[in-house]
Amino acid sequence: MKYTIGLDYGSDSCRAVIVNAETGEEIASSVKYYKRWVAGKYCDPQNNQYRQHPLDYVEGLIDSVKEALSKSPAGTAENVIGMSFDTTGSTPALIDKDGQILALRPEFAENPNAMFILWKDHTSVKEAARINEIAKRWPIDYTAYEGGIYSSEWVWAKVAHVLKEDESIRDAAYSWVEHCDWMPALITGTTKPADIVRSRCSAGHKAMWLKEWDGLPTEDFLVEIEPLLKGFRDRLFKDTYTSDVKVGNLTPEWAEKLGLTTNVAVGVGAFDCHMGAVGAEIGPKTFVRVIGTSTCDIMVVPYEAMHGKLIPGICGQVDGSVIPGMIGLEAGQSGFGDIYAWFKSVLAWPIEKLIKDSTLISQDVKDKLIEETLDKMIPALSKEAEAIPVSASSVLAVDWMNGRRTPDANQLVKGTITGLNLASSAPKIFRALVEATAFGSKAIIDRFLENGIEIESVIGIGGISLKSPFVMQTLADVLGMPIKVAKAEQACAFGAAMFASVAAGLHPNVEAAQKAMGQGFAFEYQPNAENHKIYMEVYDKYLKLGKFTEKELFNLN
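Residues numbered from 1 in each chain as written. Predicted model: local features only at pLDDT ≥ 70, side-chain atom pairs only at ≥ 80, totals over all residues. Heavy atoms only, no water.

- By the naming in an unreviewed UniProt entry, the protein chain is Ribulokinase, taken from Dysgonomonas capnocytophagoides.
- UniProt's Sequence similarities (unreviewed entry) comment on the protein chain is quoted here verbatim: "Belongs to the ribulokinase family."
- A UniProt comment under Catalytic activity (unreviewed entry) is attached to the protein chain, and it reads "L-ribulose + ATP = L-ribulose 5-phosphate + ADP + H(+)". (UniProt positions renumbered as here; feature names shortened; annotations may be inferred.)

**Some thoughts on the domain arrangement of the protein chain**
Alright, step 1. What the domain assignment lists for the protein chain is domain 1 (3-335 + 488-517) and domain 2 (337-448 + 530-554).
Alright, step 2. Computed over C-alpha atoms, the centres of domain 1 and domain 2 are 30 Å apart.
Alright, step 3. Counting residues at the interface gives 28 residues for domain 1, matched by 21 residues for domain 2.
Alright, step 4. Here domain 1 meets domain 2 over a buried area of about 2100 Å², counting both sides, of which 55% is carbon and sulfur.
Alright, step 5. Residue Arg 405 pairs with Glu 153 through a salt bridge whose shortest N-O separation is 3.0 Å.
Alright, step 6. For the pair domain 1 and domain 2, the number of links is 17 residue pairs in polar contact (both at pLDDT 80 or more).
Alright, step 7. Secondary structure elements with two or more residues in the side of domain 1 that touches domain 2: strand E12 (286-291), strand E13 (295-301) and strand E15 (327-333). (Domains from an automatic or database assignment. Contact = heavy atoms within 4.5 Å. Buried area = accessible area lost by both parts, 1.4 Å probe. Salt bridge = Lys/Arg side-chain N within 4 Å of Asp/Glu carboxyl O. Polar contact = N/O pair within 3.5 Å; in protein donor to acceptor, adjacent residues only side chain to side chain. Helix = DSSP H or I, 4+ residues; strand = E, 2+ residues; numbered from the N terminus.)

**Thoughts on the nonpolar core**
Alright, step 1. Residues Leu 7, Leu 61, Leu 94, Trp 156, Trp 176 and Leu 260 are the most contacted members of the largest nonpolar core, which totals 82 residues.
Alright, step 2. Of the residues forming this core, the biggest block, 7 residues, is contributed by helix H4 (residues 155-165).
Alright, step 3. Dropping the residues within four chain positions of it, Leu 260 is found in contact with Ile 5, Val 65, Leu 69, Ala 77, Val 80, Met 83, Leu 250 and Ala 255.
Alright, step 4. Formed by 61 residues, the second largest nonpolar core is a distinct cluster that contains Leu 329, Leu 381, Ala 436 and Val 458. (Core = buried A, V, L, I, M, F, W, Y, C linked by side-chain atoms within 4.5 Å. Buried < 20%, exposed > 50% of the residue type's maximum accessible area, 1.4 Å probe, protein only.)

**Focus on helix H5 (residues 179-188)**
What sets the pattern is the α-helix's 3.6 residues per turn: residues three or four places apart point alike.
Alright, step 1. Of all 10 residues that make up H5, 10 are buried, and the element is covered over most of its length.
Alright, step 2. If you check which residues of H5 are buried, you get His 179, Cys 180, Asp 181, Trp 182, Met 183, Pro 184, Ala 185, Leu 186, Ile 187 and Thr 188.

**A closer look at the state of the cysteines**
Alright, step 1. Within this structure, the stated rule accounts for 0 disulfides.
Alright, step 2. Cys 296 provides the cysteine sulfur closest to Cys 273, a residue in no disulfide bond, and the two sulfurs are 3.3 Å apart.
Alright, step 3. The class for Cys 296 is buried, based on a relative accessible area of 3%. (Disulfide = S-S within 2.5 Å.)

**Considering a nonpolar patch on the surface**
Alright, step 1. On the surface, a nonpolar cluster with roughly 360 Å² of combined accessible area is contributed by Leu 360, Ile 361, Val 365 and Leu 369.
Alright, step 2. Examined against the element boundaries, Val 365 turns out to sit in helix H12 (residues 363-386). (Patch = residues over 30% accessible without salt bridge, like charges linked within 9 Å, V, L, I, M, F, W, Y side chains within 5 Å. Areas by Shrake-Rupley, 256 points an atom, 1.4 Å probe, with all protein chains shown as cover.)

**Thoughts on the UniProt feature "domain: Carbohydrate kinase FGGY N-terminal" (unreviewed entry) in the protein chain**
Alright, step 1. Mapped onto this numbering, the UniProt entry gives "domain: Carbohydrate kinase FGGY N-terminal" (unreviewed entry) at residues 3-279.
Alright, step 2. Secondary structure across residues 3-279 comprises 30% helix and 19% strand; the distance between its end C-alpha atoms is 16 Å.

**Digging into the UniProt feature "domain: Carbohydrate kinase FGGY C-terminal" (unreviewed entry) in the protein chain**
Alright, step 1. UniProt's feature table lists "domain: Carbohydrate kinase FGGY C-terminal" (unreviewed entry) at residues 290-504, given in the numbering used throughout.
Alright, step 2. End C-alpha atoms of residues 290-504 are separated by 26 Å, and the span's content is 46% helix alongside 16% strand.

**Here's the deal with the packing of aromatic side chains**
Alright, step 1. Throughout the structure, instances matching the rule amount to 25 aromatic pairs.
Alright, step 2. Look at Tyr 34 and Tyr 57: their rings are 5.5 Å apart centre to centre, the planes differ by 75°, and that puts the pair in the edge-to-face class. Here the residue Tyr 34 occupies a position in the loop between strand E3 (26-33) and helix H1 (35-38), and Tyr 57 occupies one in helix H2 (residues 54-70), the gap between them amounting to 23 residues. Like Tyr 34, the residue Tyr 57 is buried in the burial classification. (Phe/Tyr/Trp six-rings, centres within 6.5 Å; stacked < 30°, edge-to-face > 60°.)

**Focus: the packing of helix H9 (residues 272-279) against helix H16 (residues 491-503)**
Alright, step 1. Relative to each other, H9 and H16 sit at 80°, their axes nearing to 6 Å. Taken together, the axis directions place H9 and H16 in an arrangement best described as roughly perpendicular. The residues of H16 that touch H9, namely those facing Asp 272, Met 275, Gly 276, Val 278 and Gly 279, are Ala 491, Cys 492, Phe 494, Gly 495, Ala 496, Met 498 and Phe 499.
Alright, step 2. Of the residues belonging to the contact of H9 with H16, the class tally is 8 nonpolar, 3 polar and 1 charged. (Axes fitted to C-alpha atoms, helices over the stretch in contact; angles between N-to-C directions. Parallel < 35°, antiparallel > 145°, perpendicular 65-115°, else oblique. Nonpolar A, V, L, I, M, F, W, Y, C, P; charged D, E, K, R; others polar.)

**Examining the packing of H16 against helix H17 (residues 510-517)**
For any two helices packed against each other, one specifies the crossing angle of their axes together with the interaxial distance.
Alright, step 1. At a minimum axis distance of 9 Å, the contact between H16 and H17 shows a crossing angle of 125°. In this view, H16 runs oblique relative to H17, as classed from their interaxial angle. As H16 runs across H17, the sense of the crossing is right-handed. Contacts between H16 and H17 involve Phe 494, Ala 497, Met 498, Phe 499, Ser 501 and Val 502 from the former and Val 510, Ala 513, Gln 514 and Met 517 from the latter.
Alright, step 2. Looking at the contact of H16 with H17 residue by residue, the classes come out as 8 nonpolar, 2 polar and no charged. (Left-handed = near helix turned anticlockwise from the far one by under 90°.)

**Here we look at the sheet that holds strand E19 (residues 483-486)**
Alright, step 1. An order of E14-E15-E13-E12-E18-E19-E20 is seen for the 7 strands of this open sheet, with the pairing classed as mixed. Two strands in the sheet have a free side with no partner beyond their single neighbour: strand E14 (317-319) and strand E20 (521-525). Here the strands of the sheet are splayed against their neighbours by 25° on average, with no regard to which way each runs.
Alright, step 2. For E12 and E13, the ladder comprises 4 bridges, and the chain directions are antiparallel. (Pairing = 2+ DSSP bridges.)

**Describing the environment of Ala 103**
Alright, step 1. With respect to the helices, strands and loops of the structure, Ala 103 is situated in the loop between strand E6 (92-95) and strand E7 (116-117).
Alright, step 2. With relative accessibility at 3%, the residue Ala 103 sits in the buried group.
Alright, step 3. Ala 103 has contacts with His 53, Pro 54, Phe 108, Ala 109, Ala 114 and Met 115, leaving out every residue within four places of it along the chain.

**Focus: unusual backbone geometry**
Alright, step 1. The residue after Gly 89, namely Ser 90, is reached through a cis peptide bond having omega 10°.
Alright, step 2. In this structure, the amide linkage connecting Thr 406 to the following residue, Pro 407, adopts the cis form with an omega of -10°.
Alright, step 3. Despite not being glycine, Met 208 has its phi angle at roughly 60°, a positive value.
Alright, step 4. Mapped onto the secondary structure, Met 208 falls in the loop between helix H6 (200-206) and helix H7 (219-225).
Alright, step 5. We classify Met 208 as buried; its relative accessible area is 1%.

What follows is the structure, given as structure tokens:
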């Protein structure tokens, strides 16, 4: 038996999945939550600051792999041939001349600006706006293949912001690295900035890299963005690699830490959604939705079907970012499950604050009551909301509580809820929020269709797609399209395991790995034609409310 390990780094946890690389059978898995993140360290939600300590990533890797191996049959570790990583993105960090993440140096150990800047960190809105302003008057529009709008969720805006904000880290900051590139570099001993193998996926979608203009944007363009970026381009990279390429093998040190052998090949990393799409068996004309705290939407298009097309307002079109030999397209929503979690938090305020201080019951009963109530809140809301008939004249919401990723990135916009009256119950408002996330999804699909990209099937992956029938049925009804749900609960990690099998030489290409290791689909949601008809009326109102919100409430047009 030959095994591969897929490592999936999400927003709050690391998942390791051990897979039989010849059959696709899942052997074992483990999920480890980031200890510092769970404790709320280094984040300031009020100011949209979300940082993660590299030690959370390192400890998560060791603990998840070792636990997964402990659940596996004897002899599994000796037969692991490959390992690959997917991570959130853009999630970069500044590094020194030796490739060390600054936060791993004692003097910066507690400095959030020296840590990884999570994708959802929106502190660099002004820097992103400056990039867009400069790009539109520059001889080359470096944002052209990134949807024409650069986002504060992406690397150059983030790096420019922390350099400008924090003088203490400037002298030590030699270069930067994406999380998905750092993990393979770390465990193969290739952390020197010049040696780090850079992902085509991350560089193309988030760093304005394009082979046709000799890699990254020019030095003078970057210095125009922020003078403190002077010198960074020469200390970065020119070439990038697709995720079927091998970075190296586990070092003896890391083989010992993980309980594996130095025969393990480590593949080039990529972003979670791109590898998740591969794990969900993506192919041409397939629209894959990775549905979690946010969404990421992925497509692959053959060269001949993409010729000459530049799709505005998406998150990039990059050769080989998903499947080598095809153009990868990315879009998504900055908030999806996060919006439901926000509403739950609003409703939970008296539960967490008032019951906690009650003198009527014991502390043990209080703790159990609070835990039980919070656990049951979303399922109960979903059940009640599902029973409410679809209506064109009910509560209406716009899903921009965390800004807008696609179409047309804008992290300054805010969410809106309207149509409230004294009969607007929590389930009615919750239903409006679910519908809003579905409308945001339709706006993305419409942008692809308007630009000549064919979509024949929709695939959902991620926790919400497997665990929330109400959300998925609403999504199918709004889109007016069937949605298949991937059977693999950890589709992103499965995609990483598939890439690892190719990097290790077991399968000749990604398509062969998909065929051998694919898990198929758990079930399919069929759209309700009558609901779809009503929803198209509501969708028109959603679009109008969105325009009003953006222009009249926030003066952003």
